[in-house]
Amino acid sequence: APDAIALEFGEDSLSYGELNRRANRLAARLRERGVMRDVVVGVCMERSIELVIALLGTLKAGGAYLPLDPTYPRARLEHILSDASPAVVIADDELAATLPEFGSCLRTSELRAIGADASITTGDSEHESAPEDLVYVIFTSGSTGMPKGVGNTHAGLSNRLCWMQAEYRLTDADCV
């Protein structure tokens, strides 16, 4: 149902078809920046439609996303960025300026421009993830010392989603 609403945030909404096109365009640009299987992409964004596009585009490129909470102290963000060494960080325009130095940054304004760029292919990529590929990396709280990155695989996430579906029996009428 490509015309059905996939996302709503505030007054904004996005159809499944448009979400897929924008995520595919972002995936193409991320692959140009070296994102592929198990390559980490940092995401430092507030909740928004663009956040979902960033996560889905990262996965479509074959990468694994690394959530970076914008409320974290600078020292914690420095440690996470140093330890995880993301190939790219996607950040809200106003947050990008506050992040520690890390290399390649893609700002939300650029993300929107990529999403609207009709010259970028919108077809699904040929990338196929393997069950053992990383899907995301989360850093521990660091309560017993320095925070440590913990990766989850596609198999682990798939297992969780299958359990949730069996437990809660979601249908196309549900909104999560």
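See the structure shown above.
Here the structure is a predicted model, which is why all the values come from computation and not from measurement.

A closer look at the packing of helix α1 (residues 16-32) against helix α2 (residues 49-61)
Two measures define how a pair of helices packs: the angle their axes make with one another and the distance between the axes. In contact at an axis separation of 7 Å, α1 and α2 are set at 55° when each is read in the N-to-C sense. The angle between α1 and α2 falls in the class oblique. Crossing hand, α1 versus α2: right-handed. Across the interface between the two elements, Leu19, Asn20, Arg22, Ala23, Asn24, Leu26, Ala27, Leu30 and Arg31 of α1 pack against Val52, Ile53, Ala54, Leu56, Gly57, Thr58, Lys60 and Ala61 of α2. Residues that form the contact of α1 with α2 fall into these classes: 10 nonpolar, four polar and three charged.

Some remarks on a nonpolar patch on the surface
A cluster of nonpolar side chains, Trp163, Tyr168, Leu170 and Val176, forms an exposed patch at the surface whose accessible area comes to about 480 Å². Take Trp163: it is sitting in helix α6 (residues 154-168). Trp163 gets classed as partly exposed once you look at its relative accessible area, which sits at 40%.

Thoughts on the environment of Lys148
For Lys148, the location among the structural elements is in the loop between β7 (134-139) and β8 (149-153). With 53 residues separating them along the chain, Lys148 and Leu95 place their C-alpha atoms 23 Å apart. In contact with Lys148, other than residues within four places in its own chain, are Ile138, Phe139 and Thr140.

The rules behind the values
Residues numbered from 1 in each chain as written. Predicted model: local features only at pLDDT ≥ 70, side-chain atom pairs only at ≥ 80, totals over all residues. Heavy atoms only, no water. Axes fitted to C-alpha atoms, helices over the stretch in contact; angles between N-to-C directions. Helix = DSSP H or I, 4+ residues; strand = E, 2+ residues; numbered from the N terminus. Parallel < 35°, antiparallel > 145°, perpendicular 65-115°, else oblique. Left-handed = near helix turned anticlockwise from the far one by under 90°. Contact = heavy atoms within 4.5 Å. Nonpolar A, V, L, I, M, F, W, Y, C, P; charged D, E, K, R; others polar. Patch = residues over 30% accessible without salt bridge, like charges linked within 9 Å, V, L, I, M, F, W, Y side chains within 5 Å. Areas by Shrake-Rupley, 256 points an atom, 1.4 Å probe, with all protein chains shown as cover. Salt bridge = Lys/Arg side-chain N within 4 Å of Asp/Glu carboxyl O. Buried < 20%, exposed > 50% of the residue type's maximum accessible area, 1.4 Å probe, protein only.

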